[in-house]
Amino acid sequence: MSKHKTQDILYSQPLEAITDFVFDESVVHVFRDMIGRSVPGYSTLLSMIPVLARHYVKNNSRCYDLGCSLGASTLAMRHGIDAQDTEIISVDNSPAMIEQCQRYIANDKAVVPVKLVCADIRDISVICASMVVMNFTLQFIERNDRSKLLDSIYQGLNTDGVLLLSEKIHFSDEVEQEWMTDLHHEFKKANGYSELEISQKRSALENVLVPETIEKHKQRLTKAGFRKVIVWFQCFNFVSLLAIK
Ligand SMILES: C[S@@+](CC[C@H](N)C(=O)[O-])C[C@H]1O[C@@H](n2cnc3c(N)ncnc32)[C@H](O)[C@@H]1O
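Note that the structure is a prediction, hence the values are computed from the model and not measured.

**Q** Describe the overall build of the chain, and please don't skip the residues or the numbers.
**A** In terms of regular secondary structure, the chain is built from eight helices and seven strands. For the chain, whose C-alpha radius of gyration is 18 Å, the value lies close to the compact-globule estimate of 18 Å for 245 residues. Taking the principal axes of the C-alpha coordinates as reference, the chain spans close to 50 × 45 × 30 Å. In the chain, which comprises 245 residues, the share counted as buried stands at 38%. Summarising the internal contacts of the chain: among those between residues at least 6 apart in sequence, 79% fall at separations of at least 24.

In structure tokens form, the structure reads like this:
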């Protein structure tokens, strides 16, 4: 890992053809830098996960991190859990992500066991869970599959268990959509991305990251059975919802 550059310059030079974004090895090397400079509020959001884990994770239950990437949310949960006899199951379908995540988990000294699984999150069963985190991952799942996935998470949660769902969102109000998109781009520029990088990355994500409105998310979660859905964090066009069973 150390021989690779960790600054995200993947889209800094003009590309002849812009292909769909994938979480491959080249992204893994720069992912921490990329997500921190691209997602407004990411570090604040992460810093609250231990607080939420301490509150919601119960004895003899499981926690899940779906779309765990390099394990940032896994580690945040792991450091907040106060309950006994718990384990965290962290899932990602990118082998390169899981491989690097394994190293970060091994270097972390917290005691809660973490099981890493390289799989599609649509193929795993959530069982006996008190907390499920899905940070900026549902947006990469085909829209037709989203309800089924959330239904199965709901089924696998214990009563009073929570799903923490963070997503980039779209606004139904055109002006709001435009202003929030502009502010997001300002945020990226303030973090050193050029206009070229912003526009090439946007094209690469166009077909793979499909945002929805907060209303759509709330409606789907309520339909799945969650008794309460709360927006607990928002920064421009990025939100985090807490859905309680
Ligand atoms: C934006 S990243 C998630 C960031 C991470 N949760 C965090 O808090 O740092 C999205 C991740 O979801 C993974 N992913 C996308 N689709 C997936 C699927 N169908 N099954 C499993 N993982 C998936 C990608 O490989 C990627 O690592």
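**Q** Before we move on, could you go through the site of the ligand and cite the residues and values that matter?
**A** Taken together, 20 residues lie around the ligand, and Phe 23, Gly 67, Asn 93, Ser 94 and Asn 135 are the ones closest in. Going through the elements one at a time, α3 (72-80) and β2 (87-92) are the ones with two or more residues in the shell around the ligand. In the shell around the ligand, the residues fall into ten nonpolar, seven polar and three charged.

**Q** Hey, could you go over the packing of helix α5 (residues 143-156) against helix α8 (residues 214-224) for me, with residue numbers and the actual values?
**A** Between α5 and α8, whose axes approach to 9 Å, the crossing angle comes to 45°. As far as their axial angle goes, α8 and α5 are oblique. Both α5 and α8 take part in a crossing whose hand is right-handed. Facing α5, whose interface residues are Arg 146, Ser 147, Leu 150, Asp 151 and Tyr 154, α8 presents Arg 220, Leu 221 and Ala 224. When the residues that make up the contact of α5 with α8 are grouped by side-chain class, the tally is four nonpolar, one polar and three charged.

**Q** I'd love a proper account of the sheet that holds strand β3 (residues 114-118), names of residues and values included.
**A** Overall, mixed pairing links the seven strands, which are arranged β3-β2-β1-β4-β5-β7-β6 in an open sheet. Looking at which strands have only one partner, the edges of the open sheet turn out to be β3 and β6 (228-235). When the angles between neighbouring strand axes are averaged without regard to direction, this sheet yields 15°. Here strand β5 (residues 157-168) pairs with strand β7 (residues 238-244) via seven bridges, running antiparallel.

**Q** If you had to explain the packing of helix α2 (residues 42-56) against α3 to someone new, which residues and values would you point to?
**A** Contact geometry of α2 with α3 gives a least axis separation of 7 Å together with a crossing angle of 40°. Regarding the angle of α2 to α3, the classification is oblique. For the pair α2 and α3, the crossing hand works out as right-handed. Here Leu 46, Ile 49, Pro 50, Val 51, Ala 53 and Arg 54 of α2 lie close against α3, whose contacting residues are Ala 72, Ser 73, Ala 76, Met 77, His 79 and Gly 80.

**Q** Tell me about the pairing of β7, and please be specific about residues and values.
**A** The element β7 is largely enclosed, with a buried count of five among its seven residues. Taken together, the seven bridges between β6 and β7 define a ladder with antiparallel strand orientation. Its bridge partner lying in β7, Ile 230 is registered against Leu 242. Connecting the antiparallel pair β6 and β7 is a turn made up of two residues, with Phe 236 showing a positive phi of about 55°.

**Q** Go over the environment of Val 112, please, and point to the residues and values.
**A** Structurally, the position occupied by Val 112 is in the loop between α4 (95-106) and β3. Val 112 gets classed as buried once you count the C-beta atoms within 10 Å, which come to 22. Sequence-wise, Val 112 and Val 239 are 127 residues apart; in three dimensions their C-alpha atoms are separated by 28 Å. Residues contacting Val 112, with those up to four places away along its chain left out, are Arg 78, Ile 81, Thr 86, Glu 87 and Ile 88.

The rules behind these values
- Residues numbered from 1 in each chain as written.
- Predicted model: local features only at pLDDT ≥ 70, side-chain atom pairs only at ≥ 80, totals over all residues.
- Helix = DSSP H or I, 4+ residues; strand = E, 2+ residues; numbered from the N terminus.
- Rg over C-alpha atoms; globule rule 2.2 N^0.38 Å.
- Buried ≥ 20, exposed ≤ 12 C-beta atoms within 10 Å, placed from the backbone.
- Contact = placed C-beta atoms within 7 Å.
- Near = placed C-beta within 6 Å.
- Nonpolar A, V, L, I, M, F, W, Y, C, P; charged D, E, K, R; others polar.
- Axes fitted to C-alpha atoms, helices over the stretch in contact; angles between N-to-C directions.
- Parallel < 35°, antiparallel > 145°, perpendicular 65-115°, else oblique.
- Left-handed = near helix turned anticlockwise from the far one by under 90°.
- Pairing = 2+ DSSP bridges.

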